[in-house]
Amino acid sequence: MADSVDDKVGYFQAITGIPDTDLCTEILAAHNWDLQLAVSSITGNPSSPEPSTYAPPPPPPLEDDFVPLPPLAPAPQQQQQQQPGIAWRLVTLPFYVVSGGVGLITGSIRLGVWVAGGVLSRSLSLLGLAQGGGDGLHELPPSAVEAVDFVAEFEHEFGAGCGPRFVAEGFADALQRAHREYKLLFVYLHSPDHPDTPAFCGGCLCSEPVAQFINENFVAWGGSIRRTEGFKMSNSLNASRFPFCAQVMASTNQRIVLLQQVEGPKSPEQMITILQRVVEECTASLVAGRIEAEERLNNQRLREEQDAAYRAALEADQARERQKREEQEILEREAAEAERKRKEDEEAQARAVQEAAEKEAALARRRQEKAMALGAEPEKGPDVTRVLIRFPTGERKERRFHSSTTITSIYDYVDSLDCLKAEKYSLVSNFPRVTYGPEKNSQTLVEAGLHPQVSLFVEIEQ
């Protein structure tokens, strides 16, 4: 099948001979762009003849909407030859249309029946009612079925493995195969009722030199004129005598070039001579086409390699740029983290300094308040208690208190001194060891047994 819409339209025009591009497009669109199905629906309109003699069947009368294609003028180097079979010309393929509208309607009906059949087959397979549906094989197009039947009949009549290796596919696919393989297309139209057919097939086509030469230099396609495509090709190639062979090739403008017609019985030597001449005449164009295709393939491969190298270099550059950017981002994050920690440390230090200052100020206010709460130190007398305070640093402080003063006043005195940084402490006497904690703060010095004098130690609580 053609690779694009233009290719399909061109091949459809070349096979059917319809000059109207819009009509070809409509027919292909009605058949879901299936080239084989569209060609089969067109070629199936005329009734295939069943000839009783060896002469080719006459073409049916032309309809009103038939427009034949003009043949291409032969190449200049071939015009000088007397044999018209050597001339290079474009083949005009006759096309019989019963009615353009009826053809489109018929194609639409066939497409609808095909779609309905596919839906029904799919439904039955889902329900497990379809028979033999597990192989998943697709139905061959009619032209391929005819080609398979011809190959089977030819091998049955003349022996398997004898003669050219005819391809089991339609003419359009065979032509494309020859174009892809840079070979010519060998066309054989089989007339079963012609008296020369058995001798020609068995003695010429099936001879080892002829078959080997055709297999090496051509793509072989055969069709019976009793079938639709063989009958169509016999009219398209203007076959007047049988046995009939032709050598054709695909043209660059999506048409077909007829290179040589071989009509009537031929010996193996004559056939090889004719085929050799055709191959020699076309070798230059085939080699040029092959070289051009190889150059195009090499250029495409070179472009792909260059594109791959460019993409690899671009990816490497992008990877390096990405790595560089990631490294830069890491450095920036580390610098930002270091700056954040530095600011946090500075703020913590500032808060610590401020808290220490505030604490020191609070202690100073406390000492001042405690000192003011104590009042003046009393003079010595019988109602005055002498108190000696020993600090953990070894420092000593002494003061006189009224014997009626509570132990809280001694704590206030210690708090008013700048000798102790701890906030939690207790006053303890050694002999006997007594701790004057919060439960005894309300006792007077007399009640606590500290009058007339006492020596207390400051014990810091952990």
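Check the entry above for the structure.
We now turn to the structure provided with this report. (Residues numbered from 1 in each chain as written. Predicted model: local features only at pLDDT ≥ 70, side-chain atom pairs only at ≥ 80, totals over all residues. Heavy atoms only, no water.)

For the rest of this paragraph, the subject is the overall build of the protein chain. Looking only at helices and strands, the protein chain features 12 helices and 10 strands. Of all intrachain contacts in the protein chain linking residues separated by at least 6 positions in sequence, the fraction that spans at least 24 positions is 68%. For the protein chain, the exposed surface amounts to about 26800 Å²; the carbon and sulfur share of it is 53%. (Helix = DSSP H or I, 4+ residues; strand = E, 2+ residues; numbered from the N terminus. Contact = heavy atoms within 4.5 Å. Areas by Shrake-Rupley, 256 points an atom, 1.4 Å probe, with all protein chains shown as cover.)

Under the counting rule described, the total for this entry stands at 18 salt bridges. When the shortest N-O distance is used, the salt bridge between arginine 227 and aspartate 149 registers 3.4 Å. With a gap of 78 residues between them, arginine 227 in the loop between strand S3 (218-224) and helix H10 (228-236) and aspartate 149 in helix H6 (residues 142-158) connect regions that are remote in the sequence. We classify arginine 227 as partly exposed; its relative accessible area is 30%. Accessibility expressed as a relative area gives 28% for aspartate 149, which makes it partly exposed. Between arginine 367 and glutamate 360 there is a salt bridge, with its nearest N and O atoms 3.7 Å apart. Residues joined by salt bridges that share partners form a network here, namely Glu169, Arg177 and Glu181. (Salt bridge = Lys/Arg side-chain N within 4 Å of Asp/Glu carboxyl O. Buried < 20%, exposed > 50% of the residue type's maximum accessible area, 1.4 Å probe, protein only.)

A few words now on the nonpolar core. Nonpolar side chains in soluble globular proteins tend to be buried together. By size, the foremost hydrophobic cluster in this structure holds 36 residues, and its most contacted members are Phe12, Phe171, Leu185, Val187, Leu189 and Trp221. Residue assignment for this core shows that the elements contributing at least two residues are helix H1 (5-16), helix H2 (21-30), helix H3 (35-43), helix H7 (171-181), strand S2 (184-190), S3, strand S4 (244-250) and strand S5 (256-263). Ranked by size, the runner-up nonpolar core spans 31 residues in total, among them Val151, Leu205, Cys245 and Ile274. (Core = buried A, V, L, I, M, F, W, Y, C linked by side-chain atoms within 4.5 Å.)

As for its placement among the helices and strands, glycine 222 is situated in strand S3. Using a relative accessible area of 2% as the deciding quantity, one classes glycine 222 as buried. In sequence terms glycine 222 and phenylalanine 166 are 56 residues apart; their C-alpha atoms lie 6.2 Å from each other. For glycine 222, the contacting residues outside a window of four places in its chain are Phe150, Phe166 and Tyr188.

The next thing to look at is the packing of aromatic side chains. Taken as a whole, this structure holds 12 aromatic pairs when the rule is applied. Each ring, one from phenylalanine 166 and one from tyrosine 188, has its centre 6.3 Å from the other, and the planes form 35°; the classification is tilted. You can see phenylalanine 166 sitting in the loop between H6 and H7 and its partner tyrosine 188 sitting in strand S2, a full 22 residues away along the chain. Comparing phenylalanine 166 with tyrosine 188, the two get one shared label, buried. With 6.1 Å between their ring centres and 70° between their planes, phenylalanine 186 and phenylalanine 218 make a pair best called edge-to-face. Of this pair, phenylalanine 186 sits in strand S2 while phenylalanine 218 sits in strand S3, placing them 32 residues apart in sequence. Joined through ring pairs, the aromatic side chains of Phe150, Phe154, Phe158, Phe166, Tyr188 and Phe200 make up one cluster. Sitting over the ring of phenylalanine 401, arginine 399 keeps its end group 4.9 Å from the ring centre. (Phe/Tyr/Trp six-rings, centres within 6.5 Å; stacked < 30°, edge-to-face > 60°. Lys NZ or Arg CZ within 6 Å of the ring centre and 35° of its normal.)

Strand pairing in a sheet is mediated by backbone hydrogen bonds. Such pairs are either parallel or antiparallel. Pairing is mixed in the open sheet, where 5 strands are placed in the order S7-S6-S10-S8-S9. Each edge of the open sheet is held by one strand with a lone partner, namely strand S7 (396-402) and strand S9 (434-436). Each strand axis lies, on average, 30° off the axis of its neighbour in the sheet, ignoring direction. Pairing of strand S8 (residues 425-429) with S9 involves 3 bridges; the strand directions are antiparallel. Residue leucine 427 lies in a different strand from S9, and its bridge partner there is tyrosine 436. Strand contacts of helix H12 (residues 407-416): strand S6 (384-390), S7, S8, S9 and strand S10 (453-460), with the helix running at about 120° to S8, the strand carrying the most contacts. (Pairing = 2+ DSSP bridges. Axes fitted to C-alpha atoms, helices over the stretch in contact; angles between N-to-C directions.)

Here asparagine 215 is to be found in helix H9 (residues 208-217). Sequence-distant contacts of asparagine 215, that is, excluding residues within four places in its chain, are made with Gly163, Pro164, Arg165 and Lys183.

A few words now on a negative patch on the surface. Negative charge collects at one region of the surface, where Glu326, Glu327, Glu329 and Glu332 lie side by side. Inspection of the secondary structure assignment puts glutamate 329 in helix H11 (residues 268-374). (Patch = residues over 30% accessible without salt bridge, like charges linked within 9 Å, V, L, I, M, F, W, Y side chains within 5 Å. Lys, Arg positive; Asp, Glu negative; His and termini not counted. Charge placed at Lys NZ, Arg CZ, Asp CG, Glu CD.)

Take H7 next. Those residues of H7 not exposed but buried are Phe171, Ala172, Asp173, Ala174, Leu175, Gln176 and Ala178. Positive backbone phi, at 55°, marks tyrosine 182, one or two positions downstream of H7.

Looking now at the state of the cysteines. A covalent bond bridging the sulfur atoms of two cysteines is what the word disulfide describes. This structure, assessed with the given rule, holds 0 disulfides. Cysteine cysteine 201 remains unbridged, with the sulfur of cysteine 206 as its closest cysteine sulfur at 6.5 Å. Of all cysteine sulfurs, the one in cysteine 204 lies closest to cysteine 245, which takes part in no disulfide; the gap is 7.2 Å. (Disulfide = S-S within 2.5 Å.)

In this structure, the amide linkage connecting phenylalanine 242 to the following residue, proline 243, adopts the cis form with an omega of 0°. Assignment of secondary structure puts proline 243 in the loop between H10 and S4. Cis geometry marks the peptide bond from phenylalanine 431 to proline 432; its omega dihedral reads -10°. The residue proline 432 is located in the loop between S8 and S9 in this model. One non-glycine residue with positive phi stands out, namely asparagine 238, at about 55°. By secondary structure assignment, the location of asparagine 238 is in the loop between H10 and S4. Given the relative accessible area of 49%, asparagine 238 is considered partly exposed.

Turning next to the packing of H11 against H12. Contact geometry of H11 with H12 gives a least axis separation of 8 Å together with a crossing angle of 140°. Classified by the interaxial angle, the pair formed by H11 and H12 is oblique. Seen along the crossing, H11 lies across H12 with a hand that is left-handed. In this structure, H11 contributes Arg366, Arg367, Lys370, Ala371 and Leu374 to the contact, and H12 contributes Ser409, Asp412, Tyr413, Asp415 and Ser416. Among the residues making up the contact of H11 with H12, the classes are represented as 3 nonpolar, 2 polar and 5 charged. (Parallel < 35°, antiparallel > 145°, perpendicular 65-115°, else oblique. Left-handed = near helix turned anticlockwise from the far one by under 90°. Nonpolar A, V, L, I, M, F, W, Y, C, P; charged D, E, K, R; others polar.)

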